[in-house]
Amino acid sequence: MGLSNMNDGSKGSGSSQETTEARATRVTDVRRRAPHRVKARKTALDLAMIWSVIGIFVILAVTAIQLASSVLIPITLAVVVGLILGLAADRLGALGIPSMLSALILTTLFAALIFFIANTLIGPLSDLAASAPTMAEKAVDRILPYLQRIKWLHITSASFRSGPMSMEALIENSSTVLSTVAARVTPAVVQTLIFFAALVLFLGSRHAIRKTLIVAFRDRARRLAAIRTFNAIEQALGFYFATASLLYAVVGISMTIIAWVGGLDMPVLWGFFAFLSSFVPFLGVAAMTTALAIAGLLTHDSLLFGLLPAAAFFAVHMVMENLVTPAVMGRRLEINPFAVFVAIIFWTWLWGAIGAMLAVPLSLIAITITSELLPQNRIQPNLPD
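Small disclaimer: the values here were computed from a predicted structure and weren't measured.

(A) Representation of the overall build of the chain within the structure. Within the chain one finds 14 helices and 0 strands. Counting from the amino terminus, the chain carries its helices and strands in the arrangement α-α-α-α-α-α-α-α-α-α-α-α-α-α. The buried share among the 385 residues of the chain stands at 27%. A separation threshold of at least 6 residues defines the contact pool for the chain, and within that pool the share at least 24 residues apart is 67%.

(B) Quick peek at the packing of aromatic side chains. Using the criterion set out here, one finds 11 aromatic pairs in the structure. Consider the rings of tyrosine 248 and phenylalanine 279, whose centres lie 5.0 Å apart with planes at 85°: the pair is edge-to-face. Residue tyrosine 248 is located in helix α10 (residues 220-261), and its partner phenylalanine 279 is located in the loop between α11 (267-277) and α12 (283-299); the two are separated by 31 residues in the primary sequence. By relative accessible area, which is 5% here, tyrosine 248 ends up buried. Judged by centre distance (5.2 Å) and plane angle (80°), the ring pair of phenylalanine 346 and tryptophan 347 falls under edge-to-face. Site record: aromatic cluster; members linked through ring pairs are Tyr240, Phe241, Tyr248, Phe275 and Phe279.

(C) Spatial organisation of the packing of helix α2 (residues 44-67) against helix α14 (residues 337-373). In the contact formed by α2 and α14, the axes pass within 9 Å of each other and the chain directions differ by 50°. By the angle between their directions, the pair α2 and α14 is classed as oblique. Contact residues: α2 offers Val62, Ile65 and Gln66, while α14 offers Phe346, Trp349, Leu350 and Trp351. For the contact of α2 with α14, a count of residues per class yields 6 nonpolar, 1 polar and no charged.

(D) Main features of the environment of aspartate 90. With respect to the helices and strands, aspartate 90 occurs in helix α4 (residues 86-94). Here aspartate 90 falls in the partly exposed class, since its relative accessible area comes to 29%. In this structure, the C-alpha to C-alpha distance between aspartate 90 and leucine 203, residues 113 residues apart in sequence, is 9.8 Å.

(E) Quick look at the side chain of threonine 76. Mapped onto the elements, threonine 76 comes out in helix α3 (residues 69-84). A polar contact of 2.6 Å, which involves the side chain of threonine 76, links it to the backbone oxygen of leucine 72. Not counting residues up to four positions away in its chain, the partners in contact with threonine 76 are Trp351, Leu358 and Leu362.

(F) Quick peek at the pattern of salt bridges. Applying the stated criterion to the full structure yields 4 salt bridges. Between arginine 206 and glutamate 234 there is a salt bridge whose closest N-O contact spans 2.7 Å. You can see arginine 206 sitting in helix α9 (residues 206-215) and its partner glutamate 234 sitting in helix α10, a full 28 residues away along the chain. No difference in accessibility class separates arginine 206 from glutamate 234, as the two residues are buried. Within this structure, Asp90, Arg206, Arg210 and Glu234 form a network of salt bridges that share partners.

(G) The nonpolar core, seen in detail. The biggest cluster of nonpolar side chains holds 43 residues, and the ones touching the most others in it are Met255, Trp270, Leu292 and Phe313. Broken down by secondary-structure element, the contributors of at least two residues to this core are α3, α10, α11, α12, α13 (303-329) and α14. Here this core takes 13 residues from α14, the largest share from any one element. Setting aside residues up to four positions removed in sequence, phenylalanine 313 forms contacts with Val251, Met255, Ile258, Ala274, Val285, Met288, Thr289 and Leu292. Counting residues in hydrophobic clusters, the runner-up holds 12 residues, among them Ala78, Leu106, Ala198 and Leu203.

(H) A look at unusual backbone geometry. Unlike most non-glycine residues, methionine 266 shows phi in positive territory, near 50°. With respect to the helices, strands and loops of the structure, methionine 266 is situated in the loop between α10 and α11. With a phi close to 70°, phenylalanine 282 is a non-glycine residue in the positive phi region. Its location among the elements puts phenylalanine 282 in the loop between α11 and α12.

Parameters at a glance
Residues numbered from 1 in each chain as written. Predicted model: local features only at pLDDT ≥ 70, side-chain atom pairs only at ≥ 80, totals over all residues. Heavy atoms only, no water. Helix = DSSP H or I, 4+ residues; strand = E, 2+ residues; numbered from the N terminus. Buried < 20%, exposed > 50% of the residue type's maximum accessible area, 1.4 Å probe, protein only. Contact = heavy atoms within 4.5 Å. Phe/Tyr/Trp six-rings, centres within 6.5 Å; stacked < 30°, edge-to-face > 60°. Axes fitted to C-alpha atoms, helices over the stretch in contact; angles between N-to-C directions. Parallel < 35°, antiparallel > 145°, perpendicular 65-115°, else oblique. Nonpolar A, V, L, I, M, F, W, Y, C, P; charged D, E, K, R; others polar. Polar contact = N/O pair within 3.5 Å; in protein donor to acceptor, adjacent residues only side chain to side chain. Salt bridge = Lys/Arg side-chain N within 4 Å of Asp/Glu carboxyl O. Core = buried A, V, L, I, M, F, W, Y, C linked by side-chain atoms within 4.5 Å.

Below, the structure written as structure tokens:
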């Protein structure tokens with residue numbers, strides 16, 4: 001009996017030794033197969049090469065975006081509008097409506113809204129175009145005394161009666177302007193068709209696109225981060241445009257009242273332009289204030305009364321942007337003003353007026369992606385008392 005126990009003990013010790021040796025062998029094999037990472041210190045030349053490659057890539061990307069603007073503008077606009085209408089599409093889907101049918105319904109309503117706005121503006125814009133020569137002559141008569149005081153400009157009353165600045169020359173050159181506008185009509189129609197087709201297809205296949213992008217990530221953590229990012233983008237855009245539309249509608253109504261009280265023609269048109277320009281920070285309010293100042297000076301003989309509509313609109317807009325909007329939106333969609341200004345200048349240079357309107361939505365998308373993907377728990381330094 002004692003002999004058998006000894007044999008068992010010797011076998012147990014031998015098996016444990018073999019197990020230890022097998023583990024050591026496996027660890028050695030794993031270490032041999034694993035790639036050896038050698039940390040090499042990068043020199044200044046290596047860093048310069050890395051940043052040069054990044055800079056070349058950015059330049060080529062910007063050039064490609066600008067060259068393909070005729071296609072990328074309607075597609076990007078369709079994606080942004082589709083993300084905004086995503087919540088409404090989900091509500092229709094919850095009612096049992098198929099995704100493609102809900103996409104057609106929302107796109108039709110959006111097109112009807114645009115057609116209604118355009119049809120409403122045709123009358124005032126036609127009247128404005130018809131009275132443009134009279135307004136131009138009146139503007140020359142009002143501005144000429146101020147320009148004559150600036151001696152180095154060498155401007156006299158004859159400057160607007162003969163030469164390239166005369167009304168006759170402007171009327172003669174109107175055919176060139178009309179031909180340029182007509183040449184741009186066909187691309188605009190094609191881009192409009194691309195926009196509505198892309199909007200329908202994006203809204204109809206939005207969930208399939210999300211699923212494809214999410215499945216492209218391998219591990220579960222990244223897939224969850226992608227899901228959170230998509231949801232955050234849709235919520236941020238939907239909340240921003242719903243809130244901004246209500247706030248800027250108040251600005252438009254206030255501008256309509258200001259234009260009516262200030263004696264300006266077509267106050268409803270001024271209110272609509274105030275509403276639309278408010279979606280372009282900085283540049284929109286600057287252009288609107290300048291236009292109101294010119295219109296007021298052309299309408300009133302007094303300089304003070306002429307500038308009152310522009311001053312009233314600027315005051316209303318400043319109160320709305322600096323007090324009401326932060327109080328309603330809070331810190332949820334806080335964006336650096338300098339970053340917004342740079343984004344507006346960049347996208348305006350790249351894509352024109354449409355780029356200026358897309359600057360804020362694209363900035364919101366970039367900020368949402370950054371806030372969702374970057375780690376939130378950062379080590380805070382110990383600041384001195």
